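Architecture at a glance
Now for the letters of each chain:
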Amino acid sequence: MPANDLELLTGAARAAGEIALRYWRKRPESWDKPGGAGPVTEADLAVNGMLHADLGAARPDYGWLSEETPDDAARLGRGRSFIVDPIDGTRAFIDGDESFAHSLAVAEAGRIIAAVVYLPAKDALYAATETGEATLNGQPIRASARTEAERATLLASRPNLAPEHWKDGTPPPFRREFRASLAWRLCLVAEGRFDAMLSLRPTWEWDIAAGDLIARRAGARVTDRMGDAIAYNAAEPLAQGIIAAPEPLWRAIRGALA
């Protein structure tokens, strides 16, 4: 049941935080992954190992998809699968910033049914099930009521506002900010601290699966850059970007994109 899975994910996320904080700001060993896939640290692997072992023992019939585990097509034949980013925002983690997160989700038939995003350095735990409300540390959260792009706060990296991405060659008059963790960006939209988030490049499922459900249960609309719902646990676990915003603002953003 989603509620049982949420309890499992919550305990696992807090355990992940305990491991990560043992390495944080202590100069963990790090190196670059092949193919320009970004950095990884010994903390990423330690968290991944614990999550794989503990979640797998608790739900041996579930599939497994993680940034730090070689993909196994066996997950495609499972009724449910875990989708995990052991540390989302590894560069921030290496820099000693507080904005890294653990992102844990359960997928069933292409949709996310339970999700947790935990920022251990902030002790901020976001959670949702597909039938329940989105919460932050147990308290309900709601997305913003912003309806127009003018003066809307947008979480996005600078390349997303390049002229070629927008019909008129100029993005709407957002107030852009940035956070390293995609999962946390989605949660900040869910919390209403920012009005929208946008990433136009192909996006790995483990970065967004948990935050997608949390943002949607908080009242935001979440789609890929084309406006389609994202189907999770895909054979190629890449979404075509992501947009998350209250419905009227979502329409304004999607309508302005080239």
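Refer to the structure presented above.
A few points on the structure. (Residues numbered from 1 in each chain as written. Predicted model: local features only at pLDDT ≥ 70, side-chain atom pairs only at ≥ 80, totals over all residues. Heavy atoms only, no water.)

**Here we look at the overall build of the protein chain**
A count of helical and extended segments in the protein chain gives six helices and 16 strands. Taken over the C-alpha trace, the protein chain has a radius of gyration of 17 Å; the compact-globule value for 258 residues is 18 Å, and the two agree within 12%. Within the protein chain, the proportion of its 258 residues that are buried is 55%. Long-range pairs, those at least 24 residues apart, make up 61% of the contacts in the protein chain with a sequence separation of at least 6. If you sum the accessible surface of the protein chain, you get close to 11100 Å²; carbon and sulfur atoms cover 48% of it. In the protein chain, the 30 positive side-chain charges and the 36 negative ones have mean positions that sit 5 Å from each other. (Helix = DSSP H or I, 4+ residues; strand = E, 2+ residues; numbered from the N terminus. Rg over C-alpha atoms; globule rule 2.2 N^0.38 Å. Buried < 20%, exposed > 50% of the residue type's maximum accessible area, 1.4 Å probe, protein only. Contact = heavy atoms within 4.5 Å. Areas by Shrake-Rupley, 256 points an atom, 1.4 Å probe, with all protein chains shown as cover. Lys, Arg positive; Asp, Glu negative; His and termini not counted. Charge placed at Lys NZ, Arg CZ, Asp CG, Glu CD.)

**Observations regarding the sheet that holds strand β4 (residues 80–88)**
Pairing is mixed in the open sheet, where seven strands are placed in the order β3-β4-β5-β6-β7-β8-β9. Where the open sheet ends on each side, the last strands, each with one partner, are β3 (63–66) and β9 (139–140). In this sheet, strand β5 (residues 101–108) lies alongside β4 in antiparallel orientation, the contact comprising seven bridges. Its bridge partner being in β5, Arg 80 is matched across the sheet by Glu 108. The strands that helix α5 (residues 205–217) touches are β3, β4, β5, β6 (111–119) and β7 (124–129); relative to β6, the one it contacts most, it runs at about 100 degrees. (Pairing = 2+ DSSP bridges. Axes fitted to C-alpha atoms, helices over the stretch in contact; angles between N-to-C directions.)

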